[in-house]
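Residue-level listing of the chains:
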Amino acid sequence: MLMTKPPVPQLNLTAVHEAAGRAARAIPPLWPLVSSVAVNPFLGQTGEPLAMAAARLHRVAGAAVTMPRPWYAERIASGEISDVDLAAALDAAPPTSRPPTIADLKRAAQTDIAPPQALPTVAELASAVSGFDWTGFVAERFSAWASGYFDRGQALWAAPKGPNAYAAWRLTAIHDLTPEIFGLTGFAANVAAAPESADAALIRAVEQLGLSEAASESYFHRLLVGLGGWAQLARYRLWQAELSGSTDTAVTDLIAICAVWQSALLRKYQPQIAADWANAIDAYAEPLQPTEDDHINAILQDAVEHAAQRKLQTVLSTSIQPRPDDRPTLQMAFCIDVRSEPFRRALESLDPRIHTLGFGGFFGLPIAHRRFASDVVEARLPVLLPPRVTTSCSGQTHAHEANDRAKRVAARAKRAWGRFKLAAISSFAFVESMGPVYVAKLLSDGLRSGTRKTNADPAPQFDPPLALGARVDTAEAVLRAMSLTGPFAPLVLIAGHGASVVNNPHASALHCGACGGFPGDVNARLLAGLLNDPEVRTALAGRDIAIPADTLFVGALHDTTTDAVTLYDADHPSPAHAADLAQTRAWLATAGALTRSERALRLPRAATGGAIARRARDWAEVRPEWALAGCRAFIAAPRSHTSGRDLQGQAFLHDYDWRKDTDFSVLELILTAPVVVASWISLQYYGSTVAPETFGAGNKLLHNVTGGIGVVEGNGGLLRAGLPWQSVHDGERLVHQPLRLSVLIEAPHEAISTILDRYPEMRALFDNGWMHLLALDDSGRMHWRYVGDGRWNVVVTPGAQEQSIAELA
């Protein structure tokens, strides 16, 4: 028998499968590299506060969820975290789980604590007694199978897929003699004897392991965490399936696979590890309970976030000369991405009649897009939403059709050439025979002399075309959501954003998260075309949105790596706007230069703004840009509250005027879409900073792409998810301060509460402290703070803060 204790009597099969389902949802999804987006690594823990999540992740991952104590102590000593901030954090904490005074909290901050340790798996116990790294061995064998099973076309020889993940693994495992060679005798036979279904195999393994129902969920979660990005990739498949109304069993199949491995190791090492394994089962079954240190860490984290909010309040309170309120000369709508903030600030500084706006970068168009000469459908919208409209770049002219055929032939030839280079036989002679042909390209690329490539696809179009009513409804909804209902400038730019980098597997992560990890040019060009449509404009006038006849909308693309802007004015030729476009190009070039100079101060080895473009073409550059590092706030308010104020590229800026939002439908859209996307971005940076080994992608210098889906470090091992270390660290210090997002909205707090009550999952993010929520007054200052359970407190004045400090001192 394999059990360390008698079988659990009357094992509840339903309970075991439900535990596996909960464990599957406790991990975040991982999007493939082609369309990677930021994901909240704590997605499965948002229903509990930070201290409880800390206790859970200590148990299953050995991961910290806050910074080490010395990090907070340094900030207290420097004055960055003041007594005001410590008092506010103490006051917000439950009375039964907080130090009595500020002095006690400061002493705790100076007391270093041991790093968390995960509870052991059978493989870890077996490794300890045998001296052989069974944990690493299982990970290596699993990755060898998973890289083939999840492959998206990188492998020349496709691995057998089977009806599901478990069946495909079982087919491989019964023929894999590697475990036998390394001492796991009878493993292949044991797998062959296991049930053919994953559900039955899981039950069998649970019985063999002697797991109790109480221990199952935590142990399953532990096993999935041990698979790194592979489990998250399987979770992505479940996410996508549920988005379309179906389901996928890959995640729970992986639990069954891991459980079979664990039971085989228990069979071999039972005499040596029986007692330790029994103790581990008991520990997994223990109810979760945060420790005193977990609560203190959460309070210290809250304090540093109060400090950041205090500084932001000072910036927002700065008096700025108001801008003219007559008709602007130029309007430019950007994505809310924090990288647009410095560019917007620079552009507006050039002329008081230049107005910029912020809106979600998919511009309200939930599209599934097919690029020119391609049959691949790209979901260019937030990953939280399913596509509702299909679009394409297939032109209707004979010239476009000929170009389509030529580009497809070229693409097929390129793929065939790539296969030839990598084929089992031809690859050996390829370098010797064809190497000289690549000399010119090698020199050109190595000297960074290439030119920046932009999207040269024909203008995108709705495919099939939308009826007039749908076009008008869409245009009205987008303009009202942007708070852009007039006055309109003669030239209005709709600017998506993307990034131009080379030799970067994570390139799509630098594109627009609101566009599903693709550049935002397609959505911008589609919206510009929609708003230039004469029939749409005529109908909008009947809905109190009058667009002047001399207003031209132009799609654009802001390259966040180089701060160059491409205008797609050829989509809608207008000789009457030639002078406006020439002036606008000059403004954009100047604003780009100003922004590059500002960014160069933060980027390593970028002494001047002129170095920025060269970095984008540098093969060896691991930090072509900082992307969204530093993000800490989301502000939904009129631009007048933020214009002219230096927010240092750290805030998502969404234009919103609640006075025009009579039914608060726009406010509802903001809270349920862009705020959630921003929280995912913020928490991915947070997790990759506080626990890089668990939530980060490791070292870029060691990355190898596997399966066309993700990266591993070195020549094998587990798939790595999250951000590479170089995305949050400059080699000497952190460039991202791990702070949970502060959401600032100018709207009546009662209206915000009403919307939160309709979306329990959204409200949980605020109730459990994964984001902060503050309501601004009419002058743009923080006035109300959401404190959970539907309650709001007035943001305290300096005098009241001093009284609170005195009470807690």
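Here's a quick rundown of the structure. (Residues numbered from 1 in each chain as written. Predicted model: local features only at pLDDT ≥ 70, side-chain atom pairs only at ≥ 80, totals over all residues. Heavy atoms only, no water.)

## Details of the overall build of the chain
For clarity, the threshold we go by: Starting at the N terminus, helices and strands are each numbered in turn, a helix being any DSSP run of H or I of at least four residues and a strand any DSSP run of E of at least two. Atoms counted for the radius of gyration: C-alpha only. Globule rule: 2.2 Å times the number of residues to the power 0.38. A simple rule labels every residue: compare its accessible area, found with a 1.4 Å probe on the protein chains alone, to the largest value its type can have, and call it buried under 20%, exposed over 50%, or partly exposed in between. When checking whether two residues touch, look at their non-hydrogen atoms; a contact exists if any pair is within 4.5 Å. The accessible surface values rely on the Shrake-Rupley method and a 1.4 Å probe; as for residues, cover is taken only from the protein chains in view.
Per the secondary structure count, the chain includes 30 helices and 19 strands. Taken over C-alpha atoms, the radius of gyration comes to 28 Å for the chain, in line with the 28 Å a tight globule of 809 residues would show. The C-alpha extent of the chain, read off along each of the three principal axes, is 85 × 80 × 50 Å. Every one of the 809 residues in the chain was classed for burial, and the buried ones make up 55%. Here the contacts in the chain between residues at least 6 apart in sequence split such that 74% fall between residues at least 24 apart. Total accessible area on the chain stands at roughly 33600 Å², and carbon and sulfur atoms take up 57% of it.

## As for a nonpolar patch on the surface
Note the cut-off: Only residues whose relative accessible area exceeds 30% and that form no salt bridge are eligible for patches; like-charged ones are grouped when within 9 Å, while nonpolar side chains (Val, Leu, Ile, Met, Phe, Trp, Tyr) are grouped when within 5 Å. When a carboxyl oxygen of Asp or Glu lies within 4 Å of a side-chain nitrogen of Lys or Arg, that pair is called a salt bridge.
There is a patch of nonpolar side chains on the surface, built from Leu-177, Ile-181 and Phe-182 and spanning about 350 Å² of accessible area. For Phe-182, a relative accessible area of 43% puts it in the partly exposed group.

## Structural notes on the packing of helix α1 (residues 13-24) against helix α11 (residues 198-209)
Counted only if it meets this: Orientation is described by axes fitted as lines to C-alpha atoms, over the contacting stretch for helices, and by angles from 0 to 180 degrees between their N-to-C directions. Comment on the angle field: the value is read as roughly parallel under 35 degrees, roughly antiparallel over 145, roughly perpendicular from 65 to 115, and oblique elsewhere. Here the nonpolar group is Ala, Val, Leu, Ile, Met, Phe, Trp, Tyr, Cys and Pro; Asp, Glu, Lys and Arg are the charged ones; every other residue, Gly included, is treated as polar.
Remark: α1 packs on α11, axes separated minimally by 11 Å, with the N-to-C direction vectors making an angle of 105 degrees. It follows that α1 is roughly perpendicular to α11 by the angle criterion. Residue-level contacts link Leu-13, Val-16, His-17 and Ala-20 of α1 to Asp-199, Leu-202, Ile-203 and Val-206 of α11. For the contact of α1 with α11, the residue count by class is six nonpolar, one polar and one charged.

## Examining the pairing of strand β13 (residues 703-706)
Inclusion rule: Only strands that DSSP links by at least two bridges are regarded as paired with each other.
As defined by bridge partners, β13 adjoins strand β14 (residues 710-713) across four bridges and the pair is classed as antiparallel. When the bridges of β14 are listed, Thr-706 appears paired with Gly-710. Connecting the antiparallel pair β13 and β14 is a turn made up of three residues, with Gly-707 showing a positive phi of about 65 degrees.

## Remarks on the packing of aromatic side chains
Each aromatic ring pair is summarised here by two numbers: the centre-to-centre distance and the angle between the ring planes. Selection criterion: Between the rings of Phe, Tyr and Trp (Trp by its six-membered ring), a pair exists once the centres lie within 6.5 Å; its type follows the angle of the planes, with under 30 degrees stacked, over 60 edge-to-face, and the other angles tilted.
Under the definition given, this model contains 32 aromatic pairs. Ring geometry for Trp-71 versus Tyr-72: centroids 5.0 Å apart, planes at 90 degrees, classification edge-to-face. Per residue, the accessibility class of Trp-71 equals that of Tyr-72, and both read buried. Seen from their ring centres, Trp-239 and Trp-680 are 5.5 Å apart, and the 65 degrees between their planes marks the pair as edge-to-face. Separated by 441 residues along the polypeptide, Trp-239 in helix α13 (residues 229-243) and Trp-680 in helix α26 (residues 674-690) bring together distant segments of the chain.

## Focus on helix α28 (residues 749-758)
Burial in α28 covers these residues: His-749, Ala-751, Ile-752, Ser-753, Ile-755 and Leu-756. Among the structural elements, α25 (665-672), β16 (741-745), α29 (760-767), β17 (771-776), β18 (782-788) and β19 (791-794) are those in contact with the buried residues of α28.

## What about the environment of Arg-339?
By the secondary structure assignment, Arg-339 is in the loop between β1 (330-335) and α16 (340-348). Distance in space between the C-alpha atoms of Arg-339 and Phe-652 is 8.5 Å, their sequence separation being 313 residues. When sequence neighbours within four positions are dropped, the list of residues in contact with Arg-339 reads His-497, Leu-510, His-511, His-558, Thr-560, Glu-625, Ala-627 and Leu-628.

## Some points on the nonpolar core
Filter applied, for reference: Residues enter a nonpolar core if they are buried and are Ala, Val, Leu, Ile, Met, Phe, Trp, Tyr or Cys, with the set joined through side-chain atoms within 4.5 Å.
Core analysis: the largest hydrophobic core is formed by 203 residues, its most contacted members being Trp-145, Trp-169, Phe-220, Trp-277, Phe-634, Phe-652 and Ile-752. Contacts of Trp-145, omitting those with residues within four sequence positions, involve Ala-165, Ala-168, Trp-169, Thr-172, Leu-254 and Ile-257. Membership of the second largest hydrophobic core comes to 19 residues, among which are Met-332, Leu-491, Ala-495 and Leu-581.

## Considerations on helix α15 (residues 292-316)
Let me state the cut-off plainly: In this scheme, a helix's expected span is set at 1.5 Å multiplied by one less than its residue total.
With 25 residues, α15 should reach 36 Å at 1.5 Å per residue; the first-to-last C-alpha distance of 36 Å fits that figure. Taken across its 25 residues, α15 has 19 buried, putting it largely inside the fold.

## Focus: the pairing of strand β5 (residues 389-392)
As judged from the four bridges shared by strand β3 (residues 367-370) and β5, these two strands associate in the parallel manner. Paired with Ala-368 across the bridge in β5 is Thr-390. Two strands pair when backbone bridges link them, and β5 and strand β6 (residues 461-462) are joined in this way by two bridges, in the antiparallel orientation. In the sheet register, Ser-392 faces β6, and the bridge partner there is Gln-461.

## Focus on the environment of Arg-639
One can find Arg-639 in the loop between β10 (633-637) and β11 (651-655). Once the C-alpha coordinates of Arg-639 and Leu-653 are considered, the two residues, 14 residues apart in sequence, prove to be 8.2 Å apart. Setting aside its immediate chain neighbours within four residues, Arg-639 contacts Arg-344, Arg-345, Glu-348, Thr-356, Leu-653 and Asp-655.

## A short note on the packing of α1 against helix α12 (residues 213-225)
Our working rule: Crossing chirality is assigned from the near helix's rotation relative to the far helix, an anticlockwise turn below a right angle marking it left-handed and a clockwise turn marking it right-handed.
Contact geometry of α1 with α12 gives a least axis separation of 8 Å together with a crossing angle of 35 degrees. Handedness of the α1/α12 crossing: right-handed. Taking contact as the criterion, the partners of Ala-15, Val-16, Ala-19, Ala-20, Arg-22, Ala-23 and Ala-24 in α1 are, on α12, Glu-213, Ser-216, Glu-217, Phe-220, His-221 and Leu-224. Among the residues making up the contact of α1 with α12, the classes are represented as eight nonpolar, two polar and three charged.

## Structural notes on the sheet that holds β5
Two strands in a sheet stick together by hydrogen bonds in their backbones, pointing the same way (parallel) or opposite ways (antiparallel). If you walk across this open sheet you meet the four strands as β4-β3-β5-β6, and the pairing is mixed. With partners counted over all chains shown, the strands left at the sheet margins are β4 (377-380) and β6, one partner each.

## Details of the side chain of Gln-726
This is how the line gets drawn: What qualifies as a polar contact is a pair of N or O atoms within 3.5 Å, subject to a donor-acceptor requirement within protein and to the restriction that residues adjacent in sequence count only when both atoms come from side chains.
For Gln-726, the position within the fold is in the loop between β15 (723-724) and β16. The class of Gln-726 is buried, set by a relative accessible area of 8%. A polar contact is formed between the side chain of Gln-726 and the side chain of Asn-699, at a distance of 2.7 Å. When near neighbours in sequence (up to four residues on either side) are disregarded, Gln-726 contacts Val-622, Arg-623, Trp-626, Gly-698, Asn-699, Lys-700 and Leu-701.

## Digging into the sheet that holds β19
Taken together, six strands build an open sheet; the order of strands is β11-β10-β16-β17-β18-β19 and the sheet is mixed. In the strand order of this sheet, the two ends are held by β11 and β19, each with one partner. Across the sheet, the mean angle separating the axes of adjacent strands is 25 degrees when strand polarity is ignored. Set on the sheet, α29 makes contact with β16, β17 and β18; between it and β17 the angle comes to about 95 degrees.

## Some details on the environment of Gln-684
Tracing the sequence through the fold places Gln-684 in helix α26. Assessed through its relative accessible area of 11%, Gln-684 is described here as buried. In the structure, Gln-684 is positioned 503 residues away from Ile-181 in sequence and 40 Å away in space, judged by C-alpha atoms. Leaving out residues up to four positions away in the same chain, Gln-684 has contacts with Val-37, Ala-38, Val-39, Pro-41, Gly-722 and Leu-723.

Don't take any of this as a statement about function, it's just geometry.
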